[in-house]
Amino acid sequence: MAKIIRKDVLTPQIKLMVVDVPGVARKAKPGQFVVLRFYEEGERLPLTIADYDPAAGTVTIIFQEVGKSTRQLGELEAGDDILDFVGPLGKEIEEKQFGHVVCVGGGVGIAPVYPKARALKMLGNRVTSIIGARSADLLFWEREMQEVSDTLHVTTDDGTYGEKGFVTQVLERVIKAEKPDLVVAVGPIMMMKMVSLLTRKYAVPTLVSLNPVMVDGTGMCGCCRVTVNGERKFTCVDGPVFDGHLVDYDELLTRSRSYLEEEKRALESWLMKKAQEEIARA
Amino acid sequence: MPKERLTGRPKMPQRPVKQRITDFDEVPTGLEDWAAVGEARRCLQCKKPPCMKGCPVDIDIPGFVALIAEERFDEAILKMKEKNSLPAICGRVCPQEEQCERECVLGKKGEPIAVGYLERFIADYEREKGIKAPVVPPPNGHQVAVIGAGPAGLTCAGDLARLGYRVTIFEALHSPGGVLVYGIPEFRLPKAIVAQEVNYVKSLGVNLEVNAVVGQTMTIDDLEEERYEAFFIGTGAGLPYFMNLPGENLNGVYSANEFLTRSNLMKAYLFPRYDTPIKIGRRVAVIGGGNVAMDSARTALRLGAEEVCLVYRRTKKEMPARIEEVERAEEEGINCIILTNPVRFTGNANGWVTGIECIQMELGEPDDSGRRRPVPVPGPEFVIPIDTVVVAIGQGPNPVFLKSVANLALNRWGYIETDTETGATNRKGMFAGGDIVTGAATVISAMGAGKQAARSLNRYINDPASFPQWRE
Ligand SMILES: Cc1cc2nc3c(=O)[nH]c(=O)nc-3n(C[C@H](O)[C@H](O)[C@H](O)COP(=O)(O)OP(=O)(O)OC[C@H]3O[C@@H](n4cnc5c(N)ncnc54)[C@H](O)[C@@H]3O)c2cc1C
Ligand SMILES: Cc1cc2nc3c(=O)[nH]c(=O)nc-3n(C[C@H](O)[C@H](O)[C@H](O)COP(=O)(O)OP(=O)(O)OC[C@H]3O[C@@H](n4cnc5c(N)ncnc54)[C@H](O)[C@@H]3O)c2cc1C
Ligand code: SF4
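Each chain has its residues counted from 1, running along the sequence as written. Each chain is given a letter, starting from A, and each ligand a number, starting from 1, according to the order in which they appear as written. Since the coordinates come from a predicted model, pLDDT governs what is reported: local features require at least 70, and pairs of side-chain atoms require 80 or more to be given and counted, while whole-chain, interface and lining totals use all residues. The side-chain values count all of the structure's non-hydrogen atoms but skip hydrogen atoms and water molecules.

(A) Quick peek at the overall build of chain A. Looking only at helices and strands, chain A features nine helices and 17 strands. Taking 2.2 N^0.38 as the reference for a compact globule, 282 residues should give roughly 19 Å; the C-alpha atoms of chain A span a radius of gyration of 19 Å, in line with that estimate. C-alpha atoms of chain A, sized along the principal axes, occupy 60 × 40 × 40 Å. A separation of at least 24 residues holds for 64% of the contacts in chain A among residues at least 6 apart in sequence. Carbon and sulfur atoms make up 52% of the accessible area of chain A, which totals about 11,700 Å². A distance of 3 Å separates the average location of the 36 positive side-chain charges in chain A from that of its 40 negative side-chain charges. Per the convention used, a helix needs a DSSP run of H or I reaching at least four residues, while a strand needs a run of E reaching at least two, with both numbered from the N terminus. We compute the radius of gyration from the C-alpha atoms alone; for a globule the expected value is 2.2 Å times N to the 0.38, where N is the number of residues. Throughout, a contact is declared for two residues whenever any of their heavy atoms are within 4.5 Å. Areas reported here follow the Shrake-Rupley algorithm with a probe of radius 1.4 Å; residue values treat only the protein chains shown as occluding. Neither His nor the chain termini are counted; the positive set is Lys and Arg, and the negative set is Asp and Glu. We put the charge of a Lys on NZ, of an Arg on CZ, of an Asp on CG and of a Glu on CD.

Rendered as C-alpha cells:
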C-alpha cells in the first residue's frame, strides 16, 4: 500500500501525484519507472518516476489520462491508497559530464525528461531543453524545466503557446547553432522516431525512453520486447532507455497498438458502469 | 465407510469435456471418501518402503496412507504436514508417476498406489474443515531472508519458521506463489488453494513482503545492513526464451509466460471485469511439448479459440509434459502436430501474425538429454495458418537478481552454482535452490531444495565453521 500525499491537476488530463513510498524513493534514479496496480481487478500500469525525494520518502508520478486505468487513477485523491507500487524498475541513465545536452520532452514525456535534465544539469552539463505539446492546455512544468535548464524552448503544434510547430524544428535549429554532445528525448513513439531520424542525420548521440505495452515489468513476461540494433531487448530490464538511433520504431508502434479494441471496450464498459452508478445515486 | 470394494487403482473423477472447456474451474474433482479409503487399504505397508525413496521431500508415505486406511484423516494430515507444507498443491501438480508411484512395489506387477490422489484427498479434507494454525516455537533470535515466494522459497521459509527463525520472504510480484500463481492455470490448480497454503506458511510466523524486487527495490547488501544473517535464493526460471525466428515480434505472438501471466495472475479470462486483456484468435498454435505448452493450449481453448494445435519437433513419446495432462489436452480436442519445426512467422499488413512456416523433422541419434535429436527432413516448407501463437519452448534464469550480487558464481547455463549437498552458493551465508539452480524442473524438486537449504542454513547459523569455504 502506498498513500497519495499530494495531487496536482497540471492540465485537465495530466495529473501529478506525490506518493509516500520510502523504499522506492531511497533507490530511485533518473530514467527508472514504477509499476502500480491500484485495486484488485486492476492492470499493472507502468509510469516513469518523474521526481523523487529520498529524504521525504516520496516519488512523484505524472500521467496523462488516456484509457480506463489512467482515468481511474486520476480519480484518486490525496489520502487515498494505491494497492501495489513496485519499483524502481529498469536501468538508470548514465549520469556523467557530456558537455552540451539537449533534453526534449513531448506531451506527458516532459515529466520523465525532467529528472534526467535535472541530474545532467547538476553534473555540470549545459542543458538546453525543448518541450512541446499539442496545444497550450496540454503543456505543464514550464517553470520546473526552466529551473533545470540553461535554455528552454517551448512549442505547441497549434501555436496556442510558444513557437508554433514540432519540437524537431527547434531541435534542428539548436543542432545547427551549437551541435550538442547528447540528445535525450522522451515522448510519443512517433516523436522519438522523428527526433532520432534528425539526430542521426547530424550524428548526435541520442537516448530515448520507450513505453511499450508491459505486464510484469521485471523481465518475466517478454511482452515489452523491442528490437534494438537487430537484437531482441526487454524494455523493462534492458531499458527503458535505449540508443535512439538503433530502435525499430515501426515495430514498436505496431506492437503498442495490439490492444486498441480491448482498451476501448474496457473504457466503454467502465464509463457505462459509472453512468449507471450515478443514475442509481440520483 | 467404503460402499464398494475396490479391486484396483481408482480413476480420478473429472468433469466432462464439454462442460470443462467452457470455464476455468478445476478439471479433476477428487476422490470420494470411500474410494480414498479403499485405495489406501491396497497399500502393502512395505517394511522398507521404496516409494519414499522416490519422494524429494521424504514424506512418510506408508504412514499417512495407513492413517487414511483407518479413516483417521485428522492424523493423516498431521503426518503429511510433518514434511510437506503444501500438500494440496503437490497432490495436484506433482509428477507422481515419475516419483513415488514409479517406485511402488505394487506398480511392478500391477498398478501402484495412487499416492498423489491420496495426498490431494487428505489436503482437501483438511481444507474443507478449516486449517488449524500450527504451534510455532519461540523465536530463536535469528533473522533470515528468503528471496522469491515460489514453492522453493515458501518451503524454505516454512521450515525455518518451525525452527524459530524470524523469516521474511521478499517477492517481486503482487501475489505470492511463483509459477503456482502466474503459470499453472486455475483449472489445474485453483488459486484459492495456493492462497490457503501460502496462508498456512504465514501462520507459521513468516513475514511476506510483496512488490519487493530484490536487486532493484533493495539489494542483498541492504538486507545485510538490516541484520539479515543468511539468505535463501529461490527466484526461479522466469525468463522466457524465444526462437529468434523472423516475425517473432509480430502482434499475436506471445511468450508462454506472457500468455499465462495475463490469464492466471492478471485474470484476463475475466476481462473486462479485470482490466488486463488477452487476444485470442480463432486458430491458435502453441509451440512446445512440455507442461507449459499443455497449459497454454488448454487455456487458449477456454479463452474461446476454435482450434488449438501443438507444434512439437519430436514425437508424443518424447513430450516432457505429464502424460495425464497430454491425455486431458487431447480429450479436449487439442491437435498435436508432431515432428514439425517452425522456421518463420508470417504476418499481414497491420503487423498481425497469420501463419507459421514449418519444416518436417525426423528423429536421429540421442542427444545430451538422452532423447533422440530431431533433424530436418529435406523437403518443402509448409504453412500452418493461425491468428495467435504461443511460444512455449522453455525459460531461463531471470537476470534482475543475479546481476545485483557481485561475484556470484553461475554455471555455464547462467543458473546459480551451489554445493549439491548443502545448497550453499559461493557467497557467505547465501543458499539457493529450485529452478534458479536446476533450470525449469518441478514443484516438488523446488520444495526439496528449499528444505535442504533450510537444514543447511540452520547448521550455518549454529556452526559457521562447518562451511569452511566461507572462512575469510
Ligand atoms: C516504462 C514506461 C513508462 C511510462 N511512463 C509514463 C508516464 O510517466 N506518464 C504517462 O502518462 N504514461 C507513461 N507510460 C505509458 C502509460 O503506461 C500508458 O499511458 C498507460 O498504460 C495507459 O493505460 P490506460 O489503461 O489508461 O490506457 P489504455 O486503455 O492502455 O490506452 C488508451 C489509448 O491510449 C493510447 N495510449 C496508450 N499509451 C499511450 C501513450 N503512452 N501515449 C499516447 N497514447 C497512448 C492507446 O493506444 C489507446 O488508444 C509509460 C509506459 C511505460 C512502459
Ligand atoms: C506453466 C507451467 C506449468 C508447470 N506445471 C508443472 C507441473 O504440473 N508439475 C510440476 O511439478 N511442475 C510444473 N512446473 C514447474 C514448476 O512450477 C517449477 O519448477 C517451480 O515452480 C519452481 O519453483 P521455484 O520456487 O524454484 O520458482 P518459481 O515458482 O519460479 O518462483 C520464483 C519466485 O521468485 C520471484 N522472484 C524472481 N526474481 C525475484 C527478485 N529479484 N526479487 C524477488 N522475487 C523474485 C518470482 O516472482 C517468483 O514468485 C510448471 C511450470 C510452468 C511455467
Ligand atoms: S511402495 Fe507402494 S505399497 Fe509399499 S508402502 Fe509405498 S505406497 Fe505402499
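(B) The sheet that holds strand S11 (residues 151-156) of chain A, seen in detail. Residues and elements named next belong to chain A. Strand pairing is assigned whenever DSSP detects at least two bridges linking the two strands. Taken in spatial order, the seven strands line up as S12-S11-S10-S9-S13-S14-S17 in an open sheet, and their pairing is mixed. Edge positions in the sheet fall to strand S12 (163-164) and strand S17 (241-243), since each of these pairs with one other strand and no more. Interaxial angle, 0 to 180 degrees, is taken between N-to-C directions of lines fitted to C-alpha atoms, where a helix line uses only the stretch in contact. Where helix H3 (residues 110-122) meets the sheet, it contacts strand S9 (100-106), strand S10 (126-133), strand S13 (182-186), strand S14 (206-209) and S17, and its direction lies at approximately 165° from that of S9.

(C) Local environment of the pattern of salt bridges. All names here are of chain A. Any Lys or Arg side-chain nitrogen located within 4 Å of an Asp or Glu carboxyl oxygen qualifies as a salt bridge. Within this structure, the stated rule accounts for 59 salt bridges over all chains. Notably, a salt bridge pairs Lys15 with Glu65, separated by 2.7 Å at the nearest N-O pair. Of this pair, Lys15 sits in strand S2 (residues 14-20) while Glu65 sits in the loop between strand S6 (58-64) and helix H2 (68-74); the two residues are 50 residues apart in sequence, bridging distant segments of the chain. Here Arg37 ties to Glu40 by a salt bridge, and the two come within 3.7 Å at their closest N and O atoms. Residue classification places Arg37 among the buried residues on the basis of a relative accessible area of 6%. Accessibility here uses a 1.4 Å probe with only protein chains present; expressed as a share of the type maximum, an area under 20% marks a residue as buried, one over 50% as exposed, and anything in between as partly exposed.

(D) Structural context of the nonpolar core. Residues and elements named next belong to chain B. Counting 82 residues, the largest nonpolar core has Ile61, Phe64, Ile68, Leu118, Ile122 and Phe431 as its most contacted members. A per-element tally of this core places helix H19 (residues 443-462) first, with nine residues. In this structure, Leu118 is in contact with Leu31, Ala36, Glu39, Ala40, Phe64, Val65, Ile68 and Ile113, ignoring residues within four places of it in sequence. Side-chain atoms within 4.5 Å are what join buried Ala, Val, Leu, Ile, Met, Phe, Trp, Tyr and Cys residues into a set we call a nonpolar core.

(E) Summary view of the site of ligand 1. All names here are of chain A. Note on definitions. A residue lies near a molecule or strand when any single heavy atom of the residue is within 4 Å of it. Neighbouring ligand 1 are 21 residues, the closest being Pro46, Thr48, Ile62, Gln64 and Thr70. Here a polar contact is taken to be a pair of N or O atoms separated by no more than 3.5 Å, where protein atoms must pair a possible hydrogen donor with a possible acceptor and residues adjacent in sequence count only if both atoms sit in side chains. Ile62 places a polar main-chain atom, nitrogen or oxygen, 2.8 Å from a nitrogen atom of ligand 1. A distance of 3.0 Å is found between an oxygen atom of ligand 1 and a backbone nitrogen or oxygen belonging to Gly67. Expressed as a share of its isolated accessible area of 900 Å², the protein-covered part of ligand 1 is 77%. Ranked by the residues each element gives to the shell around ligand 1, the list is headed by strand S4 (residues 45-48), at four residues. Among the residues forming the shell around ligand 1, the class breakdown is 12 nonpolar, six polar and three charged. When residue character is reported, Ala, Val, Leu, Ile, Met, Phe, Trp, Tyr, Cys and Pro are called nonpolar, Asp, Glu, Lys and Arg charged, and the others, Gly included, polar.

(F) Region of interest: the interface of chain B and chain A. Between chain B and chain A, the residue contacts involve 42 residues of the former and 45 residues of the latter. Put simply, buried area is how much 1.4 Å-probe accessible surface two parts lose in total, over both of them, once they are put together. Roughly 3,700 Å² is buried in total at the junction of chain B and chain A, and carbon and sulfur atoms are behind 49% of that figure. Viewed at the interface, chain A and chain B are joined by five salt bridges. A salt bridge links Asp275 of chain B to Lys68 of chain A; the shortest N-O distance between them is 2.3 Å. At the surface where chain B touches chain A, the tally comes to 24 residue pairs in polar contact (both at pLDDT 80 or more). Per-element accounting of the side of chain B that touches chain A gives the leading share, four residues, to helix H14 (residues 256-265) of chain B. The residue inventory of the side of chain B that touches chain A, partitioned by class, reads 19 nonpolar, 16 polar and seven charged.

(G) Fine view of the site of ligand 2. Residue and element names in this part refer to chain B. The environment of ligand 2 is made up of 35 residues, and the closest members are Val93, Glu171, Arg188, Val214 and Asp435. The backbone of Val93 places a nitrogen or oxygen atom 2.6 Å from a nitrogen atom of ligand 2. Backbone polar atom of Gly178 to an oxygen atom of ligand 2: 3.4 Å apart, as the coordinates give it. Isolated, ligand 2 exposes 1,000 Å² of accessible area, and the fraction of that covered by the protein chains is 96%. When residues of the shell around ligand 2 are traced back to their parent elements, those giving at least two are helix H10 (151-162), helix H15 (291-302) and H19. With three residues, H15 is the single largest residue contributor to the shell around ligand 2. Broken down by class, the residue content of the shell around ligand 2 amounts to 20 nonpolar, 11 polar and four charged.

(H) Representation of the environment of Ser129 of chain A. Residue and element names in this part refer to chain A. Tracing the chain through its elements places Ser129 in strand S10. Under the relative-accessibility criterion, Ser129 is labelled buried at 0%. Here the alpha-carbon distance between Ser129 and Met272, two residues 143 residues apart in the chain, equals 42 Å. Discounting chain neighbours no more than four positions away, the residues touching Ser129 are Cys103, Ala117, Met145, Ser149, Thr151, Leu152 and His153.

(I) Region of the structure containing the pairing of S14 of chain A. Residue and element names in this part refer to chain A. Note: S13 against S14, three bridges, orientation parallel. Counted as the bridge partner of Val183 is Thr206 from S14. Each parallel crossover has a hand, and for S13 linked through helix H6 (residues 189-201) to S14 it is right-handed. Where S14 lies against S17, three bridges are found, and the strand directions are antiparallel. Bridge pairing links Val208 to Phe242 in S17. A clockwise course of the path from the first strand over the helix to the second, judged with the strands pointing away from the viewer, identifies a crossover as right-handed.

(J) Summary view of the packing of H14 of chain B against H15 of chain B. Residue and element names in this part refer to chain B. At a minimum axis separation of 10 Å, H14 and H15 run at an interaxial angle of 50°. Between H14 and H15, the angle is such that the two are oblique. Considering the relative orientation of H14 and H15, their crossing is left-handed. Facing H14, whose interface residues are Ala256, Phe259, Leu260 and Ser263, H15 presents Val292, Asp295, Ser296, Thr299 and Ala300. Our angle categories are set so that under 35 degrees counts as roughly parallel, over 145 as roughly antiparallel, 65 to 115 as roughly perpendicular, and the remainder as oblique. For a crossing to be left-handed, the near helix must be turned anticlockwise from the far one by less than a right angle; the clockwise case is right-handed.

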